[in-house]
Amino acid sequence: MATTTNPFEPPRTTDLDGDAPAVKGPRVVVPEALRELTAAAGWVRGLARLTAVSIAVQVLRFVADLGHARGASAIALLVLAIALPIAISILFLIRLNRYASASERVWGGATEAVGAVINAQASYLKLASVVVGISAGVFTFSLAIAIGSGRFFTWIYR
Amino acid sequence: MTAPGSGTAARETAPPRPLTESELDRLHAAGASARFLALTGAVALALLLILMVDVAVRNPDALLHAANAQTGTTVIAETLFAVASLGAVALLWSYGRSVAAFLRGEAALPLAFRRMRQFVILWTILTALTALLDLSAAWASF
């Protein structure tokens, strides 16, 4: 407690804080936020495992379709349609595994792993932003070419 | 290694932990990415909806022809993806806004993490259904 020369001075609210560390504003991880992170741990691990299964299924499908493909253009189309999404899914899987591991550490009581969870969330969302950004750019570019050449959805509006 | 569930007491009694500057920076980046994804997704879904309504009004036969040209599993997968994307847009937007509110000094971090949890649940269900559809398509290919 702070000491003053006035013995009748009422106690300050800061005297009730005890030895708690000084916190700048409310930008802290409260127990409720930790509960949300731990509740998500099982789901994140499940999503990582399902993504791995999904990648395995896509690889199977790629191999099956590759057997039926005839000509270089058909194979190139398959690579673009299936192999590229598989490669992108693997990048997501790496980030999901990091997210799941960090969530499980928080679940086990290691509250310092919150930083790793935030890092994994940021990494996952950043990758999704890049993928969506590139897709949107390619789509806009092809749309502009289609509109410019007068072939925009002519197969629909005939 | 920590035994499963042994951290419950530690979490409940843990004092509020302040985030470091680098963690706040990463949280800011996560929120910005989430808002970008939500905005891009909303625009894409709106364009898709406008296109479908436009085609349905001008040439409904073409819409049916386009649907018939695809396999059943592809149509189901695309419909599921569109519905899930709508939910994902709302959840990511809410996550991004909650993160921004938290960084302004509001106690919004639990809400942000709740939205992320709900997003993960939604995406897990979508991934499970998509994997099943992919499996059936792969089976048909063999």
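Residues numbered from 1 in each chain as written. Chains lettered and ligands numbered in written order. Predicted model: local features only at pLDDT ≥ 70, side-chain atom pairs only at ≥ 80, totals over all residues. Heavy atoms only, no water.

Trainee: Lay out the overall build of chain B with the relevant residues and their values.
Mentor: Check the secondary structure of chain B and you find five helices and one strand. Reading the secondary structure of chain B in the N-to-C direction produces α-β-α-α-α-α. Every one of the 142 residues in chain B was classed for burial, and the buried ones make up 37%. For chain B, the proportion of contacts with a sequence separation of at least 24, taken over those separated by at least 6, is 74%. (Helix = DSSP H or I, 4+ residues; strand = E, 2+ residues; numbered from the N terminus. Buried < 20%, exposed > 50% of the residue type's maximum accessible area, 1.4 Å probe, protein only. Contact = heavy atoms within 4.5 Å.)

Trainee: Can you tell me about the confidence of the model for chain B, naming the residues and giving the values?
Mentor: All names here are of chain B. For chain B, mean pLDDT is 85; residues scoring 70 or higher make up 89% of the total. pLDDT under 50 marks residues 1-5. Its contacts with residues more than four places away, or in other chains, come to three contacts. Overall fold confidence (pTM) sits at 0.79, and the ipTM for the predicted complex is 0.83. (pLDDT = per-residue confidence, 0-100.)

Trainee: Talk me through the confidence of the model for chain A; I want residue IDs and the actual numbers.
Mentor: Taken as a whole, chain A shows an average pLDDT of 82; of its residues, 78% reach a score of 70 or greater. Note on residues 17-24 of chain A: pLDDT is under 50 here. Beyond four places in sequence and across chains, it has three contacts.

Trainee: Before we move on, could you go through helix α2 (residues 21-58) of chain B and cite the residues and values that matter?
Mentor: Along an α-helix, residues three or four apart share an orientation, since each turn contains 3.6 residues. Taking 1.5 Å as the rise per residue, α2 of chain B with 38 residues should run 56 Å; its terminal C-alpha atoms sit 55 Å apart, in good agreement. Of all the residues in α2 of chain B, the buried ones are Glu 23, Leu 24, Leu 27, Ala 30, Gly 31, Ser 33, Ala 34, Leu 37, Ala 38, Thr 40, Gly 41 and Val 55 of chain B. (Expected span 1.5 Å × (residues − 1).)

Trainee: An account of the packing of helix α1 (residues 31-68) of chain A against helix α2 (residues 72-107) of chain A is requested, with residue identities and associated values reported.
Mentor: Packed helix pairs are characterised by how far apart their axes lie and by the angle those axes make with each other. All names here are of chain A. Where α1 contacts α2, the two axes come as close as 8 Å, and the packing angle between them is 155°. In terms of orientation, α1 and α2 fall into the roughly antiparallel class. Crossing of α1 over α2 shows left-handed handedness. Along the lines of polarity and charge, the residues of the contact of α1 with α2 split into 25 nonpolar, seven polar and three charged. (Axes fitted to C-alpha atoms, helices over the stretch in contact; angles between N-to-C directions. Parallel < 35°, antiparallel > 145°, perpendicular 65-115°, else oblique. Left-handed = near helix turned anticlockwise from the far one by under 90°. Nonpolar A, V, L, I, M, F, W, Y, C, P; charged D, E, K, R; others polar.)

Trainee: Mind laying out the pattern of salt bridges, listing which residues take part and the relevant values?
Mentor: One pass over the structure, following the stated rule, counts six salt bridges over all chains. With a closest N to O distance of 3.0 Å, Arg 114 of chain B and Glu 32 of chain A form a salt bridge. Taken together, the residues Arg 114 of chain B in helix α5 (residues 109-141) and Glu 32 of chain A in helix α1 connect one chain to another. What makes Glu 32 of chain A partly exposed here is its relative accessible area of 36%. Overlapping salt bridges bring together Glu 32 and Glu 36 of chain A together with Arg 114 and Arg 117 of chain B as one network. (Salt bridge = Lys/Arg side-chain N within 4 Å of Asp/Glu carboxyl O.)

Trainee: Can you break down the nonpolar core residue by residue, with the values?
Mentor: Grouped together as the largest cluster of nonpolar side chains are 57 residues, with contacts concentrated most on Leu 125 of chain A together with Leu 27, Tyr 95 and Phe 119 of chain B. Contact partners of Tyr 95 of chain B, with chain neighbours within four places excluded, come to Gln 121 and Leu 125 of chain A together with Leu 27, Ala 30, Gly 31, Ala 34, Ala 112, Arg 115 and Met 116 of chain B. (Core = buried A, V, L, I, M, F, W, Y, C linked by side-chain atoms within 4.5 Å.)

Trainee: Any details on the interface of chain B and chain A? Residues and values, ideally.
Mentor: Across the boundary between the two partners, chain B contributes 58 residues, which contact 58 residues of chain A. Surface buried jointly by chain B and chain A totals about 5200 Å² across both partners, of which 70% is contributed by carbon and sulfur atoms. Across the contact surface, chain B and chain A share three salt bridges. A salt bridge links Glu 36 of chain A to Arg 117 of chain B; the nearest nitrogen and oxygen atoms lie 2.8 Å apart. Seen at the junction of chain B and chain A, the total is nine residue pairs in polar contact (both at pLDDT 80 or more). Listing elements by their share of the side of chain B that touches chain A, those giving two or more residues are α1 (8-13), β1 (17-18), α2, α3 (60-68), α4 (72-103) and α5 of chain B. Considering each element in turn, the side of chain B that touches chain A owes the most residues, 19 residues, to α5 of chain B. (Buried area = accessible area lost by both parts, 1.4 Å probe. Polar contact = N/O pair within 3.5 Å; in protein donor to acceptor, adjacent residues only side chain to side chain.)

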